Amino acid sequence: MNWRGFYTLFAKEVWRFMKVAVQTVLTPVVTAVLYLVVFAHVLEEHVQVYPGVTYTAFLIPGLIMMSVIQNAFANSSSSLIQSKMNGNIVFVLLAPISSLEFYLAFVLAAIARGVMVGVVLYAVALGFADLPVPHLGMLLAFGVLGSGLLGALGLIGGIWADKYDQLAAFQNFLILPLSFLSGVFYSLYSLSPFWQTVSRFNPFFYMIDGVRYGFLGVSDVSPYQSLWIISLFFIAISVVAWFMIERGYKLRR
Amino acid sequence: MSAVSMRCWRGDMDAVTIAHLHKYFGTVHALKGIDFTIHAGEFFGLLGPNGAGKSTLINIMAGLARAAGGSIQVHGHDVVKHYRKSRMLLGVVPQELVYDPFFSVREMLRLQSGYFGFGRENYPWIDELLTVLNLQDKATANLSQLSGGMKRRVLIAQALVHKPKVLVLDEPTAGVDVELRQALWEFSSRLHKQGTTIVLTTHYLEEAEALCGRIAILDQGAVVALDKTSVLLDRHPYRLLCLTTQSATVTVPAALAPLVLSQHGRALILRLHRSQDPVSDVLDSLRNAGVQIQDIQLREPKLEDVFLHITGRGHA
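Residues numbered from 1 in each chain as written. Chains lettered and ligands numbered in written order. Predicted model: local features only at pLDDT ≥ 70, side-chain atom pairs only at ≥ 80, totals over all residues. Heavy atoms only, no water.

A. Examining the overall build of chain A more closely. Across its full length, chain A holds 10 helices and 0 strands. Secondary structure elements of chain A occur, N-terminal to C-terminal, as α-α-α-α-α-α-α-α-α-α. For 253 residues, the compact-globule estimate of 2.2 N^0.38 gives 18 Å, and the C-alpha radius of gyration of chain A, at 18 Å, lies within 12% of that figure. Here the C-alpha coordinates of chain A stretch approximately 60 × 35 × 35 Å along the principal axes. Looking at chain A residue by residue over its 253 residues, the buried ones come to 55%. Long-range contacts, defined here as pairs at least 24 residues apart, represent 81% of the contacts in chain A between residues at least 6 apart. (Helix = DSSP H or I, 4+ residues; strand = E, 2+ residues; numbered from the N terminus. Rg over C-alpha atoms; globule rule 2.2 N^0.38 Å. Buried < 20%, exposed > 50% of the residue type's maximum accessible area, 1.4 Å probe, protein only. Contact = heavy atoms within 4.5 Å.)

B. View of unusual backbone geometry. Of note, Lys163 of chain B is a non-glycine position whose phi angle comes to about 50 degrees, a positive value. Relative to the helices and strands, Lys163 of chain B is located in the loop between helix H6 (148-160) and strand S7 (166-170).

C. Inspection of the packing of aromatic side chains at higher detail. On inspection of all chains with the given rule, the structure shows 16 aromatic pairs over all chains. Here Phe73 of chain A and Phe170 of chain A contribute two aromatic rings whose centre-to-centre distance is 5.6 Å and whose plane-to-plane angle is 5 degrees, an arrangement assigned as stacked. Remark: Phe170 of chain A occurs in helix H7 (residues 164-180) and Phe73 of chain A occurs in helix H3 (residues 55-86); sequence separation between them is 97 residues. Phe73 of chain A gets classed as buried once you look at its relative accessible area, which sits at 0%. Ring-pair connections join several aromatic residues into one group, and the members of that group are Tyr35, Phe39, Phe180 and Phe185 of chain A. Here Arg16 of chain A stacks its cationic end above the ring of Phe102 of chain B, 5.4 Å away from the centre of that ring. Above the face of the Trp125 of chain B ring, Lys163 of chain B is positioned so that its terminal group lies 5.1 Å from the ring centre. (Phe/Tyr/Trp six-rings, centres within 6.5 Å; stacked < 30°, edge-to-face > 60°. Lys NZ or Arg CZ within 6 Å of the ring centre and 35° of its normal.)

D. Broad picture of the sheet that holds strand S1 (residues 14-25) of chain B. Residues and elements named next belong to chain B. The sheet built from 4 strands is open, its strands ordered S2-S1-S4-S5 with antiparallel pairing. Each edge of the open sheet carries a strand with a single partner, namely strand S2 (28-39) and strand S5 (77-78). Here 2 bridges tie strand S4 (residues 69-74) to S5, and the two strands are oriented antiparallel to one another. The residue bridging Val74 from the neighbouring strand is His77, located in S5. (Pairing = 2+ DSSP bridges.)

E. Representation of the interface of chain B and chain A in the model. In this assembly, 32 residues from chain B lie in contact with 31 residues from chain A. Summed over both sides, the interface of chain B with chain A buries roughly 2,800 Å², with 60% coming from carbon and sulfur. Considering only the side of chain B, the residues that lose the most area to chain A are Leu64, Phe102 and Tyr115 of chain B, jointly responsible for 28% of the buried surface there. The interface formed by chain B and chain A includes 3 salt bridges. At the junction of chain B with chain A, the criterion picks out 18 residue pairs in polar contact (both at pLDDT 80 or more). In terms of residue count, the dominant contributor to the side of chain B that touches chain A is helix H4 (residues 105-115) of chain B (6 residues). Within the side of chain B that touches chain A, the residues separate by chemical class into 18 nonpolar, 7 polar and 7 charged. (Buried area = accessible area lost by both parts, 1.4 Å probe. Salt bridge = Lys/Arg side-chain N within 4 Å of Asp/Glu carboxyl O. Polar contact = N/O pair within 3.5 Å; in protein donor to acceptor, adjacent residues only side chain to side chain. Nonpolar A, V, L, I, M, F, W, Y, C, P; charged D, E, K, R; others polar.)

F. View of the pattern of salt bridges. Per the counting criterion, the structure on display carries 9 salt bridges over all chains. A salt bridge links Lys12 of chain A to Glu13 of chain A; the shortest N-O distance between them is 3.1 Å. Of the charged contacts, one joins Asp162 of chain A and Lys250 of chain A as a salt bridge, the two residues approaching to 3.0 Å between their closest N and O atoms. Separated by 88 residues along the polypeptide, Asp162 of chain A in the loop between helix H6 (136-160) and H7 and Lys250 of chain A in the segment after helix H10 (223-247) bring together distant segments of the chain. Its relative accessible area of 33% is what places Lys250 of chain A among the partly exposed residues. Put simply, Lys12, Glu13 and Arg16 of chain A together with Asp100 of chain B are held in one network by salt bridges that share partners.

G. Representation of H4 of chain B in the model. The element H4 of chain B is largely enclosed, with a buried count of 8 among its 11 residues. Three or more residues of H4 of chain B are buried, namely Val105, Met108, Leu109, Leu111, Gln112, Ser113, Gly114 and Tyr115 of chain B. Buried residues belonging to H4 of chain B abut helix H1 (3-19) and helix H4 (90-93) of chain A together with helix H5 (123-132) and H6 of chain B. Immediately beyond the C-terminal end of H4 of chain B, within one or two residues, lies Gly117 of chain B, with a positive phi of roughly 90 degrees.

H. Spatial organisation of the sheet that holds S7 of chain B. Residue and element names in this part refer to chain B. Across the sheet, which stays open at both edges, the 6 strands sit in the order S6-S7-S8-S3-S9-S10 with mixed pairing between neighbours. Lying at the two open borders of the sheet, with one neighbouring strand each, are strand S6 (90-93) and strand S10 (222-228). Taken pair by pair, the neighbouring strands of this sheet meet at an average axis angle of 15 degrees, ignoring direction. The pairing of strand S9 (residues 214-219) with S10 spans 6 bridges and is antiparallel. (Axes fitted to C-alpha atoms, helices over the stretch in contact; angles between N-to-C directions.)

I. Highlighting the confidence of the model for chain B. Residue and element names in this part refer to chain B. Mean pLDDT for chain B: 88, with 95% of residues reaching 70 or above. Across residues 1-11, where pLDDT falls below 50, the model places 17 contacts with residues more than four positions away in sequence or in other chains. Scored as a whole, the predicted complex attains pTM 0.86, and scored at its interfaces, ipTM 0.90. (pLDDT = per-residue confidence, 0-100.)

Quick look at the structure:
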């Protein structure tokens, strides 16, 4: 294991997004707060999803997790596509860094950005609602696994895409709909039976539901079931991402 | 030849061993069973027209591309099976002026050093590289702010950051000004004298002629010539007889007409075969035809002539 090489690549990926923190950390926080202000203002008096839980308190965990996973995806995918388009991906490919080290560095950096966005958003959201964390372990598990999963998916998207618009399509037609239709703004049980069944095939639903359990102690499905499902997805997506790197798909001609 | 390279020639390990190398791009057979060895300490030239397979060969050597068959070893380490060791021994200066726009020159060099497993202990070497390549003033500049020549220097520094034994320069002087080209020649010669094996691909044949001890010429994915530069030059059967005539309107005898390469005003250039066209016979024929000669120059073949002859792009 080239530990130093792995750590350097990880540190470089973190350093990269920190150099443009306004764009990579603050902007998603502002966007999420705008969602919070608008939806909470409109629905606070009219909707109560769980007994004793305000709509704002219901909304915040979902918004946090949606921001976490979207930014985790953006981190690995945008870094890769930029490196490919600029050609500077060769600097990593020329180095004695294994496919596993490559995968881990990118995914851990994606987790770092996702978690950082989540923490900042949580701090801001404290101004809108009381947010105790009764199940911190669960919250961390879902935060790390969810952002790891999206980081790995970002690797796949970044490697697969040859142009920025292909990656944008990946993001706009896959990531965005799955995250918006994952129960961030509503409970699964508010949907018709058909859409409830469809939602159960959306892995993002389990991430949002699990994080909500971490914050509120209530969820639509068992958090342990969600944890299992997310773990399986994480492993499956990771294997695909690692395999693409190992084979040099669209990286080593 | 330097003392170090002489020592290496006498039996040290080969620097790069290429065996039965094949590569396809779709139906195009880009490399057709390449076989040759680059000795440790050599300054080796890899020449060929566009599309000959030079960059593909270098990319496979560097791990940027995968071969369909065959192998490359760097100091005995297979570039696929033992990629960590082979990459530690190899530094590559890519042809394109690529850079990471997020980082400064020094940051980029430190990151590259880290990828190769080095930490702070390598910082003095990075500073030395910055000095040697005249990049001290640009150390904190973002790479996007640098000129093409400066970016080329940074690429060379990045390739050397882990002190490789073999340095591959893929068209390093393409698009750089004369001054920088001279500086790069001197720098690569100095590295070579210090014992680094240099593999150079270039379109500037005078560059290869001046620097390389041995040259391989690739054409359409195959090695069409591989020898010492001096031997390649000797193998070329032609030389040029450059004459200045007294009159601008001379008529060359019909027997010599096939030898005329060009005739502009008083300048007449004939291409002579070493064994078939003795200079004295040609001059006698011209004098007998009444051609008055004011000046005579005999030009030995240049690598460019050899290259054109071997790749079939010349007149021969």
